[in-house]
Amino acid sequence: MVQILSGAVSLGLLWAVMTIGVYITYRILNIADLTVEGSITMGASIAAITMLNGTDPYVSLFLALLGGMAAGLATGLLITRFKIPPLLSGILTMIALYSINLRIMGTSNLSLLKKKDFSEMNTVYTPFESLGLDRNEAAIVVGLLVVATLVAILYWFFGTEIGCAIRATGNNPNMVRAQGINTDTTVILGLVLSNGLVAISGGLIAQSQRFADIQMGTGSIVIGLASVIIGEVLFGKNGFLRRLISLALGAVTYRVIIALVLKMGMPANDLKLFTAITVAAALALPVFKEYLITLKKSARAGE
Amino acid sequence: MLIVSGLYKTFNAGTVNQKEALKNLSLHVEKGDFVTVIGGNGAGKSTLLNCIAGVYPPDQGCIIIDGTNVTRLPEHKRAPVMGRVFQDPMMGTASDMGIEENLALAYRRGQRRGLKWGITSRERELYRTLLKTLDLGLEDRLSTKVGLLSGGQRQALTLLMAVLKKPKLLLLDEHTAALDPKTAEKVLVLTDHLVKEYDLTTLMVTHNMRDAIRHGNRLIMMHDGRIILDIKGEEKKKLTVEALINRFGRASGEDFAFDRALLS
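Just so it is clear, the structure is predicted and the values come from calculations on it, not from any experiment.

Draft legend 1. Structural context of the packing of aromatic side chains. Applying the stated criterion across every chain, the model contains seven aromatic pairs over all chains. Look at Y23 of chain A and F240 of chain A: their rings are 6.5 Å apart centre to centre, the planes differ by 40°, and that puts the pair in the tilted class. Highlighted residues: Y23 of chain A in helix α1 (residues 2–28) and F240 of chain A in helix α11 (residues 240–263), separated in sequence by 217 residues. You can call Y23 of chain A buried: its relative accessible area is 4%. Between Y107 of chain B and Y127 of chain B, the aromatic rings sit 6.0 Å apart at their centres with planes inclined by 85°, giving edge-to-face as the arrangement. Of this pair, Y107 of chain B sits in helix α3 (residues 99–107) while Y127 of chain B sits in helix α4 (residues 121–134); the two residues are 20 residues apart in sequence, bridging distant segments of the chain. Using a relative accessible area of 0% as the deciding quantity, one classes Y127 of chain B as buried. Grouping aromatic residues by their ring pairs yields a cluster made of Y23, Y155, W156, F157, F158 and F240 of chain A.

Draft legend 2. The arrangement of the environment of M175 of chain A in detail. All names here are of chain A. You can see M175 is positioned in helix α8 (residues 173–178). Among the residues examined, M175 registers a relative accessible area of 1% and is labelled buried. Between the C-alpha atoms of M175 and L87, which are 88 residues apart in sequence, the distance is 23 Å.

Draft legend 3. Representation of the sheet that holds strand β1 (residues 2–11) of chain B in the model. Residues and elements named next belong to chain B. The antiparallel open sheet is built from four strands, whose spatial order is β2-β1-β4-β5. Edge strands, defined here as strands with exactly one partner in the open sheet, are β2 (19–29) and β5 (68–69). Where β1 and β2 come together, seven bridges link them in antiparallel fashion. Paired with V4 across the two strands is L27, which belongs to β2.

Draft legend 4. Inspection of helix α5 (residues 151–163) of chain B at higher detail. Taking 1.5 Å per residue as the helical rise, α5 of chain B with its 13 residues ought to reach 18 Å, and the 18 Å between its terminal C-alpha atoms agrees with that figure. Burial within α5 of chain B is extensive, with 12 of its 13 residues counted as buried. All of the buried residues in α5 of chain B are G152, Q153, R154, Q155, A156, L157, T158, L159, L160, M161, A162 and V163 of chain B. The elements touched by buried residues of α5 of chain B are α8 of chain A together with β6 (82–85), α3, α4, β7 (169–173) and α6 (181–198) of chain B.

Draft legend 5. Main features of the sheet that holds strand β10 (residues 226–232) of chain B. Residue and element names in this part refer to chain B. Read from one edge of the open sheet, six strands run β6-β7-β8-β3-β9-β10, paired in mixed fashion. The sheet is open, and its two edges are formed by β6 and β10, each paired on a single side. On average, each strand axis in the sheet is inclined to that of its neighbour by 15°, with strand direction left out of account. Inspection of the sheet shows β7 paired to strand β8 (residues 201–206) by five bridges, in the parallel sense. Looking at the pairing, L171 lines up with L203 of β8. Packed on one face of the sheet, α6 meets β3 (34–38), β7 and β8 and runs near 145° to β3.

Draft legend 6. Highlighting the nonpolar core. Counting residues in hydrophobic clusters, the biggest one holds 67 residues, and the most contacted among them are V22, Y125, F158 and L204 of chain A. Elements with a minimum of two residues in this core: α1, α2 (35–52), α3 (57–80), α6 (135–157), α9 (183–209), α10 (220–235) and α11 of chain A. In terms of residue count, α1 of chain A provides more of this core than any other element does, 12 residues in total. Apart from the residues lying within four places of it in its own chain, the contact partners of L204 of chain A are L14, V17, L61, V124, Y125, V142 and V146 of chain A. The next biggest cluster of nonpolar side chains, apart from the first, holds 44 residues, and it includes V85, A94, V163 and L170 of chain B.

Draft legend 7. Spatial organisation of α11 of chain A. Taking 1.5 Å per residue, 24 residues should reach 34 Å; α11 of chain A reaches 35 Å between its end C-alpha atoms and fits that length. Immediately downstream of α11 of chain A, the backbone of G265 of chain A shows phi near 110°, a positive value.

Draft legend 8. View of the interface of chain A and chain B. Listed by partner, the interface residues are 20 residues for chain A and 28 residues for chain B. Interface area for chain A against chain B, summed over the two sides, is near 2,200 Å², with a carbon-plus-sulfur share of 58%. The tally of links between chain A and chain B comes to three salt bridges. Remark: the boundary between chain A and chain B carries 14 residue pairs in polar contact (both at pLDDT 80 or more). Listed by contribution, the elements that provide at least two residues to the side of chain A that touches chain B are α6, α7 (161–171) and α8 of chain A. Of the residues that constitute the side of chain A that touches chain B, the class distribution is nine nonpolar, eight polar and three charged.

Procedures and definitions
Residues numbered from 1 in each chain as written. Chains lettered and ligands numbered in written order. Predicted model: local features only at pLDDT ≥ 70, side-chain atom pairs only at ≥ 80, totals over all residues. Heavy atoms only, no water. Phe/Tyr/Trp six-rings, centres within 6.5 Å; stacked < 30°, edge-to-face > 60°. Helix = DSSP H or I, 4+ residues; strand = E, 2+ residues; numbered from the N terminus. Buried < 20%, exposed > 50% of the residue type's maximum accessible area, 1.4 Å probe, protein only. Pairing = 2+ DSSP bridges. Expected span 1.5 Å × (residues − 1). Contact = heavy atoms within 4.5 Å. Axes fitted to C-alpha atoms, helices over the stretch in contact; angles between N-to-C directions. Core = buried A, V, L, I, M, F, W, Y, C linked by side-chain atoms within 4.5 Å. Buried area = accessible area lost by both parts, 1.4 Å probe. Salt bridge = Lys/Arg side-chain N within 4 Å of Asp/Glu carboxyl O. Polar contact = N/O pair within 3.5 Å; in protein donor to acceptor, adjacent residues only side chain to side chain. Nonpolar A, V, L, I, M, F, W, Y, C, P; charged D, E, K, R; others polar.

Encoded structure:
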């Protein structure tokens, strides 16, 4: 059980990076960006192929970041320059990335094992594993470090002039243009940042599970949204720092819930259905609430 | 200060919904003028303001602000020289952000935005002093989200944001139309005060004849995409609602009953 939980926590922390990316587009820019399904796989693909070619694991993560940023840029240009609706723009980039990721890897699945002796390659987790930590513990340590760094950087960034402009863009683009800000630029910046983070997350996951797979992004947007919503519901959304931390906690909670449900005997194949229903229910919550309130009111009026 | 010449704008050209909103409209506004713009629904008042602000490009004609031809400039590039307040109180502010954050966004209009803090403590003091002049108690609620303010408070804040950088041109697009009469009056008094204090060249669109007469030093009336009346100076000061209605009837040559109800 401890093993299962530590596995869930480590996976949750690595996905927390992706969750923060989803939060930037979904909540800050007010765009449901499906690019992430492709950019998380892209991050994994780039990390895997570059490491197999002898690149340092840290450098490979940096390259993954650049790849994800390029994907975000593509979606941003489709939305702003070509006026394609955001949802469709994301889908277009996502589909394009499927082919691009296959090209990057040259195959649909890459294993991070050394060819000659099938031993595992060095990853960003190796230094911590050599300290005597097991695989999950090492991933937890790395995940915590990365998430803490990102929370600090993003907290700063969204307090700067550019960061404020990006936040205002998701709120009221008309007002932002009236204040002399090019909303095309802010939308693109947000998407580039978001998909860069998602790709880092993909790279971290690939290094942790020691393979990259073309299918690993499928449904990731829903997982990201689920984590964002769980974080908001359970840990609150007052104050920006608190929100950022609640994203990480949300991502971890999601993984723990999934681990527990699987432990209780739910077939793994039903996982995506379960996630989709959870997210749909959470998003529908305000409607239910309103319905209940009117119901109560009419009941009171009837008395 | 503002020269508009030969402006044409047609919406949905070539469809059954074709609407010629501006037809060869020309207007010359002097520095320091406070022009009220009046007219019925669909007269083209808002279209004129939006063309000046760069929300839509005109089909023909040109717009020159303080010697610079801005006709082809996008909205955000014109913003540095103009302050705007909209009809919908939601339009002028970012509702999920604090009062001070909104002011800080406006305070940087026309400046390059970089990685410096989005708001400094020195600015906070400035905002507090300025908000105090609004007399709405907002100076003690700097970090309150704007979404929690009333429509009147929002419009007052938007006005302050619009004048904060002393723009060359202040564009008010029926900015009191969505408010209750008492609040509308307050916002108008504040408008007069700020226009005087910052010595702003102003264009104020309104539906209300009385407001159009009472405020500003010049009144233009629009009808069917054209300016049909232009009243200034002493003549403007002596203007009454009745006189304005009569002159509108003569100038437009149309039955007036419907628009009269709308305008008064």
